[in-house]
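Listed below are the residues making up each chain.
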Amino acid sequence: MKVAAIRRRLESNQPGWAAQIAVRSAGLALLGLCAAAAWWLHRSVSQLPAHSATFLEFAAAALAVSSGCLGWALLGEGPGLFRLIPVPGRTILPFSN
């Protein structure tokens, strides 16, 4: 199946059960990645002696937040995230002095 056909299917109002499973599974995978990053981050920060945060800990925190947000969005909304919505036209107003 071509990418354009997959995209058209996701943008329609009836994406099908395969798209539902694929998108929501990706959401679950991202939530698993979030949990793993948060677990590693908790273990890393809790080690004695107390230490300043390293670049790797900042990267793990950013990964946990971004994968958590995207995972919940994909899991909760599913293929509806890719649905096109109508956008009203714009009106250009002339400058008034």
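Here's what I pulled together on the structure shown here.

Parameters and conventions
- Residues numbered from 1 in each chain as written.
- Predicted model: local features only at pLDDT ≥ 70, side-chain atom pairs only at ≥ 80, totals over all residues.
- Heavy atoms only, no water.
- Helix = DSSP H or I, 4+ residues; strand = E, 2+ residues; numbered from the N terminus.
- Contact = heavy atoms within 4.5 Å.
- Areas by Shrake-Rupley, 256 points an atom, 1.4 Å probe, with all protein chains shown as cover.
- Polar contact = N/O pair within 3.5 Å; in protein donor to acceptor, adjacent residues only side chain to side chain.
- Expected span 1.5 Å × (residues − 1).
- Buried < 20%, exposed > 50% of the residue type's maximum accessible area, 1.4 Å probe, protein only.
- Patch = residues over 30% accessible without salt bridge, like charges linked within 9 Å, V, L, I, M, F, W, Y side chains within 5 Å.
- Salt bridge = Lys/Arg side-chain N within 4 Å of Asp/Glu carboxyl O.
- Axes fitted to C-alpha atoms, helices over the stretch in contact; angles between N-to-C directions.
- Parallel < 35°, antiparallel > 145°, perpendicular 65-115°, else oblique.
- Left-handed = near helix turned anticlockwise from the far one by under 90°.
- Nonpolar A, V, L, I, M, F, W, Y, C, P; charged D, E, K, R; others polar.

A short note on the overall build of the protein
Okay, step 1: Along its length, the protein carries 3 helices and 0 strands.
Okay, step 2: Secondary structure elements of the protein, listed N to C terminal, follow the sequence α-α-α.
Okay, step 3: Of all intrachain contacts in the protein linking residues separated by at least 6 positions in sequence, the fraction that spans at least 24 positions is 68%.
Okay, step 4: Surface accessibility of the protein: about 7900 Å² in total, with carbon and sulfur atoms responsible for 69%.

Structural notes on the environment of leucine 70
Okay, step 1: Here leucine 70 shows up in helix α3 (residues 55–77).
Okay, step 2: Linking leucine 70 and leucine 30, residues 40 residues apart in sequence, is a C-alpha distance of 7.2 Å.

Some points on the side chain of serine 67
Okay, step 1: Relative to the elements of secondary structure, serine 67 occurs in helix α3.
Okay, step 2: A distance of 3.5 Å separates the side chain of serine 67 from the backbone nitrogen of cysteine 34, its partner in a polar contact.
Okay, step 3: Dropping the residues within four chain positions of it, serine 67 is found in contact with Leu30, Leu31, Leu33 and Cys34.

Here's the deal with α3
Given 3.6 residues per helical turn, the α-helix brings residues three or four places apart onto the same face.
Okay, step 1: Between its first and last C-alpha, α3 extends 33 Å over 23 residues, near the 33 Å set by a 1.5 Å rise per residue.
Okay, step 2: Burial in α3 covers these residues: Glu57, Ala60, Ala64, Ser67, Gly68, Gly71 and Leu74.
Okay, step 3: Close packing links the buried residues of α3 with α2 (17–45).
Okay, step 4: Within two residues after α3, glycine 78 carries a phi angle of roughly 70 degrees, on the positive side.

Thoughts on a nonpolar patch on the surface
Okay, step 1: There is a patch of nonpolar side chains on the surface, built from Trp39, Trp40 and Leu56 and spanning about 350 Å² of accessible area.
Okay, step 2: Mapped onto the secondary structure, leucine 56 falls in helix α3.

Remarks on the packing of α2 against α3
Okay, step 1: At their nearest, the axes of α2 and α3 sit 7 Å apart, and the two run at 155 degrees to each other. The angle between the axes of α2 and α3 places the two elements in the roughly antiparallel class. In this structure, the crossing between α2 and α3 has a hand that is left-handed.
Okay, step 2: Of the residues in the contact of α2 with α3, the class split is 21 nonpolar, 6 polar and 3 charged.

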